[in-house]
Amino acid sequence: MVSTTSSTGRRRAEVPEIPSMPGVDSRLHRTVEVRDHTGELRRWHLLDSAPLLAERGITPRGTLLAVHGNPTYSFLFRSLVRGDIPWRVVAVDQLEMGWSERTGVRRRYQDRVTDLSMLTDALSLRGPVVTVGHDWGGLISSGWALDNRHDLAGMILTNTGVHQQLEEALPRALQLATAPGFRGASTALTDTFLRVTLGLSGDAISPEVREAYLAPYRTRARRQGIDQFVADIPARAEHPSRPTLERVAEGLTDLTVPTLLAWGPKDITFSDRFLRDLIRRVPHADVHRFENTSHLVWEEADVAGLVATWLEATFGTAEAPRTEGPVRRPVSAAAEPAPERHIGDPIGRLAADPQHAHRPAVVELGAEDGEPREISWSLLHRRVEDIAAGLQGHGVRPGDRVSVLISPGADLTGVLYACFRLGAVAVIADAGLGMQGLTRAVVGSHPDWLIGIDKALLGARALGWPGRRISVKQLPTVDRRALGVETSIAELARSGALMRDLGAPLDVPHPAPDADAAILFTSGSTGPAKGAVYTHRQLGAMFTAVGDTLDLAPERGLVAGFAPFALLGPALGAPTVVPDMDITRPGELSAPALAAAVAALGRPAVFTAPAALRNILDTADQLDASGRAALAGAASFFSAGAPIPAPLLARLRTLMPETRALTPYGMTECLAVTAIDLEGIEEAGEGSGVCVGTPVPRVEVAIAVMDAEGRTSGEITDRAGESGEILVRAPHVRDRYLMLWGTTHESMRFPGWHATGDVGHLDANGRLWVEGRAAHVLATADGLFTPVRIEEAAEAVPTVRRAGAAAVGPRGTQQVVVILETEDDYRPGRAGRPRPAEPSLQEAVRRSVHERAGAEVVAVFTTRCLPTDIRHNSKIDRAALSRWSSQTLRGERADAL
C-alpha cells in the first residue's frame, strides 16, 4: 500500500492493491481523484467499460451510471460492465466503500448525492445518462437524476427504498441493524452485517465471489462506511438526512423518463412494500419481479440481460411493451375482433327477460342440508349491483386491484361481477396453486383489497398478505378485529340494497374496453405462476371464444369441474354449477360427484381438468343408474390445461355416449386456441405429438422455426410438418404479464404474435399437433426431439401408464432419459425417488423410442407418480425430471421428485 497527502497536509489513507476479481476484466479498473463536498481531493475507484468498447470499435449510445448500496461495491455490477452492450458503463465505488478512499468524513445522504455529481462533472459524463441504482445506490442515483435532469435519459432501480413513512416501522432487519449497541458491533467491529447480507443469496454466491465482496472490508477501519450508511437511515423526522429523503421521494413523481424497476421479492429489507411505493411514484415504470430472488438480485438473476433487452427496446430500434397500464398491442390489433359487449351484460339481460329471470343462474352443491341452492338470474343481477354499490361506498375505485379468495358459488360470482361492473381489477389466484403458489400470487399482485372466506382471511393474517380486508359473511367483532377485517360483503350488499330502495342505485359508467379487468394466474407448471392481465375487451373476447366452442346458452349450462372457470357461465348467460369436490385437487373429481352436477342442469357442457378425466373413468363403477343416465345426457365435454389423449376420449365415449368430447389447446394467456373431437382425432390418425385440431373462430396459428439447438430462428411459417414454437394471434390473447416486463417482451418478440412457449407443428389439413414445451426440446447429437415424441413412444410399451422425457448434458449433445409410471406401481401423490427400471422394461422402452422416434435412450427409471403441476395435476414437470436425472447420472444423491 502507498500513503498520500491531502492538499491541506493531512495524511491520506493508504492506496490498497486491488486484487483480481472473478468476472472482472483488469482493464475495467480506473482510479480518479476528484474534489468532494468538503473541497478535498478524494480518490474514487470505478469500473469503466470504455476501454472494452473502444477495443471492439463500438460507439456508445450513452452512459449507464451504476451506483451500489450497502454493504457492496461496484463488483455488484460486473455482469453489466463487460462491454457487450452498446452503452458505456461506469460503476462507482462510493467514498468510504469498496476500493475507494477511506477519508474519515461522515457522509450524509445529500453529501453523497453531491459527491457523485462532482465525480460525474470531473469525468465529463454528459447525456444521455441512464442511472442504475441498488439499495442505498437507488436513493443516491435518484438524487443525482433529479439534480442532473439535463443529462438524464432514464432510470433503473433494483431493490431499493426511496421513502419510509414516519408512522411505518422499519423492516425488522433494519430495526436490528440500527439498534444501539448492535449497530457498531455488526457493521464495523465485525463483518457480520456484510456476511449476513451475502448469506441471503445462499448458494447463488460462490465462495470466490463471496471472497471478492469481503476483500475491501477486511479491517474495522475499512468497514466504517458500512456503519455510516446504517447510521444514516432517516427513519425519524429529526434525522439530518430526512429532508433529502423527502425531496427526492417527492421529486421522483415529476420525472417522466423511461424507468425500469427490477426486483427480488424475497428481500427481507426492501420488500414489495417499497416496490409498491415506487410504482405509485413512477406509475409509467416498466417492472420485472424475479420471483424467488432476494436482496442481491444481481447475483441471483440475469438482471444484466434484462437491462440489455430493456435498453434496446427503449432506446434502440425495438418497440417496448409496457408492463403497467393498458397497452395497444399488435397481437389483438392484428386479429379479427370479437363482438364487443360489457362483461356481465347477459346477467342483466336475462334478469329482465320474464322467461329466464327466475331460472337458475348459479347452482351450489354440497350444502350442509344436502339440498342444492339455486340463485336466479334476477337475484344474481340484484346481488351484483348491490355489492358493486356497497364496494363503491366503502372506497373501492375503478382500477383498484381486488384479490378474490372465495370458493366457487354464488358469493364468488356476485363479488367477481361486481368488480367487473365497478371497474375494479379482479385478481384471481385459486387454491389449486397450493399455499406457497397462492401466497406468491397474492403478494406479487399488490392488491389494494382482499375479499375472502374465513380460511383465506386467516391465511392473509398469518402470512402478511397485503390489502384492506373484507370478509364474505358478517363476523363477530372479536373475529373481525383478530383478522383485520373492515366490513363484509353481506353488509356491503345490504348497504347497496338500501341505496337502491331509497332511489339511489349504482350509477357509474361501464369500464372502458381497454381498462384492465382481471389478472388470471397461470398454473405454475413451468415456474412460478404468472399473472396474465386481461382488459375488458380481451376478457370478453375470451368468454366469447369459449362460449362459441362449447355452444353455451341459457338452455345449456356449464358444469365447472375446474373451479377457476366457474366465472365463464354468467358472462355467457349460461347457468353454472361446481361439483361437490376439493377445488385444490381437481384431479380427484369423481364420477358420482360429476353426475350430480350434470343432473342439476340437465344437458350442460362439462368443463374439467385433464387429470380429472382419468379419475372419472376410474370411479365410474361407483355410479348408480341415475348417475349413468345423467352423464349420458351431457351435451359436451371440454378440458383445459393439457390435451387429452385419444384413448382416454375413447373410454369416455362408453360413459358419455351422446356427449361431444372436445380436447382443446389453450392456456391462461389465450383460451381457447384450437379444439378437436374424437372423430377428428381418429381422422387425423397417428402423428408426432397430440393432435388438438384446427383454430377456433378468430384465431390464427403459426410456427416459429427452430435451429439445431432448439432456439427459434426468427422465421415464421405455416408449412406442414415443420416443428417449432407455436405462435398465436387472437383478440383474446392476454394484454401482458403482471410485473414481468422481460417475460412480456419475450412472448411478443414476433410482432403481431404471442409466443406460447409450446412446441408443435401443423399438418397438411391445418391441424395443430402439440409436442411439449419449447424449453424441454431435447437437442441431441442426432438432432432435435420434442418431449411428447419421446413420451408417446415410451407409452406404447404395454405396461407403461405415463412417461416423462428428461434431458441431460449441454444443448447439442444432450442425452435422453425416460422416467415412467407403470400400471402396477402407480400411486397418486408424491413421486418419491425413482429407481432403475427392470432390465426387460428398459430394453422394451429403448427399442420403442428408437423405432418410433429415432432417439437413443441412455437410462430408464420408474417412479410411483410423475411430478405434475398442482392446479391441473397433469402437466409433467420435465425440468424437475432433468435436474434429478443429471444429478443421478453424475453419481450424486438426488432428492425425491
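Residues numbered from 1 in each chain as written. Predicted model: local features only at pLDDT ≥ 70, side-chain atom pairs only at ≥ 80, totals over all residues. Heavy atoms only, no water.

1. Here's the deal with the overall build of the protein chain
Working step 1: Assigned secondary structure in the protein chain consists of 31 helices and 38 strands.
Working step 2: Each principal axis of the C-alpha distribution contributes one length, and for the protein chain these read about 100 × 75 × 50 Å.
Working step 3: Relative to its full complement of 897 residues, the protein chain shows a buried share of 60%.
Working step 4: Considering only contacts within the protein chain whose residues lie at least 6 apart along the sequence, 70% involve residues at least 24 apart.
Working step 5: Carbon and sulfur atoms make up 50% of the accessible area of the protein chain, which totals about 34600 Å².
Working step 6: Positive and negative side-chain charges of the protein chain, numbering 96 and 108 respectively, have mean locations separated by a distance of 5 Å. (Helix = DSSP H or I, 4+ residues; strand = E, 2+ residues; numbered from the N terminus. Buried < 20%, exposed > 50% of the residue type's maximum accessible area, 1.4 Å probe, protein only. Contact = heavy atoms within 4.5 Å. Areas by Shrake-Rupley, 256 points an atom, 1.4 Å probe, with all protein chains shown as cover. Lys, Arg positive; Asp, Glu negative; His and termini not counted. Charge placed at Lys NZ, Arg CZ, Asp CG, Glu CD.)

2. With respect to helix α15 (residues 377-394)
Working step 1: The end-to-end C-alpha distance of α15, which contains 18 residues, comes to 26 Å, matching closely the 26 Å that a straight helix rising 1.5 Å per residue would cover.
Working step 2: Within α15 the residues assigned to the buried category are Trp-377, Ser-378, Leu-380, Val-384, Glu-385, Asp-386, Ile-387, Ala-388, Ala-389, Gly-390 and Leu-391. (Expected span 1.5 Å × (residues − 1).)

3. Observations concerning the sheet that holds strand β15 (residues 449-452)
Working step 1: Taken together, the eight strands give an open sheet; going across it, the order is β17-β16-β15-β13-β14-β18-β19-β30, and neighbouring strands pair in mixed fashion. Single-partner strands in this sheet number two, and they are β17 (485-488) and β30 (736-737).
Working step 2: Pairing of strand β19 (residues 531-535) with β30 involves two bridges; the strand directions are antiparallel. By the bridge assignment for β30, Val-533 is matched with Arg-736. (Pairing = 2+ DSSP bridges.)

4. Let's talk about the sheet that holds strand β38 (residues 857-862)
Adjacent strands of a sheet form backbone hydrogen bonds with each other and so pair up, either parallel or antiparallel.
Working step 1: Across the sheet, which stays open at both edges, the four strands sit in the order β35-β36-β38-β37 with mixed pairing between neighbours. Each edge of the sheet is formed by a strand with only one pairing partner; in this case those strands are β35 (800-808) and β37 (835-836).
Working step 2: Here β37 pairs with β38 via two bridges, running antiparallel. When the sheet's bridge partners are listed, Pro-836 is paired in β38 with Phe-861.

5. Topic: the pattern of salt bridges
Proximity of charged atoms lets side chains of opposite charge pair with each other.
Working step 1: Throughout the structure, instances matching the rule amount to 50 salt bridges.
Working step 2: A salt bridge links Glu-246 to Arg-242; the nearest nitrogen and oxygen atoms lie 2.8 Å apart. In this pair, Glu-246 and Arg-242 both sit in helix α9 (residues 242-252), four residues apart, roughly one turn of the helix.
Working step 3: Looking at Glu-246, the relative accessible area reads 33%, which means it is partly exposed.
Working step 4: Because the salt bridges share partners, they merge into one network encompassing Asp-36, Arg-42, Glu-96, Arg-107 and Asp-115. (Salt bridge = Lys/Arg side-chain N within 4 Å of Asp/Glu carboxyl O.)

6. So, the side chain of Asp-763
Working step 1: You can see Asp-763 is positioned in the loop between β31 (754-762) and β32 (768-773).
Working step 2: You can call Asp-763 buried: its relative accessible area is 15%.
Working step 3: At a separation of 2.9 Å, a polar atom in the side chain of Asp-763 contacts the main-chain amide nitrogen of Asn-765.
Working step 4: Of note is the side chain of Asp-763, whose polar atom sits 2.7 Å from the side chain of Arg-767.
Working step 5: Not counting residues up to four positions away in its chain, the partners in contact with Asp-763 are Ala-720 and Trp-769. (Polar contact = N/O pair within 3.5 Å; in protein donor to acceptor, adjacent residues only side chain to side chain.)

7. Concerning a nonpolar patch on the surface
Working step 1: A surface patch of nonpolar side chains, amounting to about 240 Å² of accessible area, comprises Val-196, Leu-200 and Ile-268.
Working step 2: Positionally, Ile-268 belongs in the loop between β9 (259-263) and α10 (272-281).
Working step 3: Taking the relative accessible area as the measure of exposure, Ile-268 reaches 48% and is therefore partly exposed. (Patch = residues over 30% accessible without salt bridge, like charges linked within 9 Å, V, L, I, M, F, W, Y side chains within 5 Å.)

8. Some words on the environment of Gly-104
Working step 1: Mapped onto the secondary structure, Gly-104 falls in the loop between β6 (88-93) and α2 (109-122).
Working step 2: Residue classification places Gly-104 among the exposed positions, given a relative accessible area of 73%.
Working step 3: Taking C-alpha positions, Gly-104 is 8.2 Å from Gln-224, a pair spaced 120 residues apart along the chain.

9. A few points about empty space enclosed by the protein
Working step 1: Taken as a whole and judged by the stated rule, the model has two cavities of 30 Å³ or more.
Working step 2: Every residue along the wall of the largest cavity is listed here: Arg-341, His-342, Ile-343, Gly-344, Gly-540, Phe-543, Thr-544 and Ala-571.
Working step 3: Element by element, the count of residues in the lining of the largest cavity is highest for helix α21 (residues 536-550), at three residues.
Working step 4: Residues that form the lining of the largest cavity fall into these classes: three nonpolar, four polar and one charged.
Working step 5: Its boundaries defined by the atoms lining it, the second largest cavity holds a volume of some 30 Å³.
Working step 6: Trp-44, Gln-94, Leu-95, Arg-107, Arg-112 and Asp-115 are the residues that line the second largest cavity.
Working step 7: Looking at the lining of the second largest cavity, its residues break down into two nonpolar, one polar and three charged. (1 Å grid on protein atoms, 1.4 Å probe; cavity = no way out; pocket = protein on both sides within 12 Å on 5 of 7 lines; lining within 4 Å. Points joined across faces, edges and corners; volume = space filled by probe spheres on them. Nonpolar A, V, L, I, M, F, W, Y, C, P; charged D, E, K, R; others polar.)

10. Structural notes on the packing of α15 against helix α20 (residues 489-501)
Working step 1: Running from amino to carboxyl end, α15 crosses α20 at an angle of 100°, the nearest separation of the two axes being 7 Å. Considered as vectors, α15 and α20 are oriented roughly perpendicular to each other. Contacts between α15 and α20 involve Arg-382, Arg-383, Asp-386, Ile-387, Ala-389, Gly-390, Leu-391 and His-394 from the former and Ile-489, Leu-492, Ala-493, Gly-496, Ala-497, Met-499 and Arg-500 from the latter.
Working step 2: Tallied by class, residues from the contact of α15 with α20 come to eight nonpolar, three polar and four charged. (Axes fitted to C-alpha atoms, helices over the stretch in contact; angles between N-to-C directions. Parallel < 35°, antiparallel > 145°, perpendicular 65-115°, else oblique.)

11. Description of the packing of aromatic side chains
For any two aromatic rings, the description comes down to two numbers: the centre-to-centre distance and the angle of the planes.
Working step 1: Applying the stated criterion to the full structure yields 13 aromatic pairs.
Working step 2: Between Tyr-109 and Trp-136 the ring centres are 5.6 Å apart and the planes differ by 80°, which places this aromatic pair in the edge-to-face class. In this pair, Tyr-109 is assigned in helix α2 and Trp-136 in helix α3 (residues 136-147), connecting sequence segments 27 residues apart.
Working step 3: With a relative accessible area of 7%, Trp-136 lands in the buried category.
Working step 4: Relative to Phe-274, the ring of Phe-270 lies with its centre 5.3 Å away and its plane at 85°, an arrangement referred to as edge-to-face. Across the pair, Phe-274 and Phe-270 agree in class, each one buried. (Phe/Tyr/Trp six-rings, centres within 6.5 Å; stacked < 30°, edge-to-face > 60°.)

12. Quick notes on the pairing of strand β16 (residues 468-471)
Working step 1: In this sheet, β16 lies alongside β15 in parallel orientation, the contact comprising four bridges. Residue pairing across strands places Trp-449 opposite Arg-468, the latter belonging to β16.
Working step 2: In this fold, the crossover linking β16 to β17 by way of helix α19 (residues 477-483) has right-handed handedness. (Right-handed = clockwise from strand over helix to strand, strands pointing away.)

13. A few points about the state of the cysteines
Two cysteines joined by a covalent bond between their sulfur atoms form a disulfide.
Working step 1: In the structure shown here, the tally under the stated rule is zero disulfides.
Working step 2: The thiol sulfur of Cys-691 is not disulfide-bonded, and the nearest other cysteine sulfur, from Cys-670, lies at 18 Å.
Working step 3: With relative accessibility at 4%, the residue Cys-691 sits in the buried group. (Disulfide = S-S within 2.5 Å.)

14. Describing α20
Each α-helix turn comprises 3.6 residues. Residues three or four places apart therefore point the same way.
Working step 1: With 13 residues, α20 should reach 18 Å at 1.5 Å per residue; the first-to-last C-alpha distance of 18 Å fits that figure.
Working step 2: Phi turns positive one or two residues past the end of α20, at Gly-503, with a value near 85°.

Shape is all these values report; function is a separate question.
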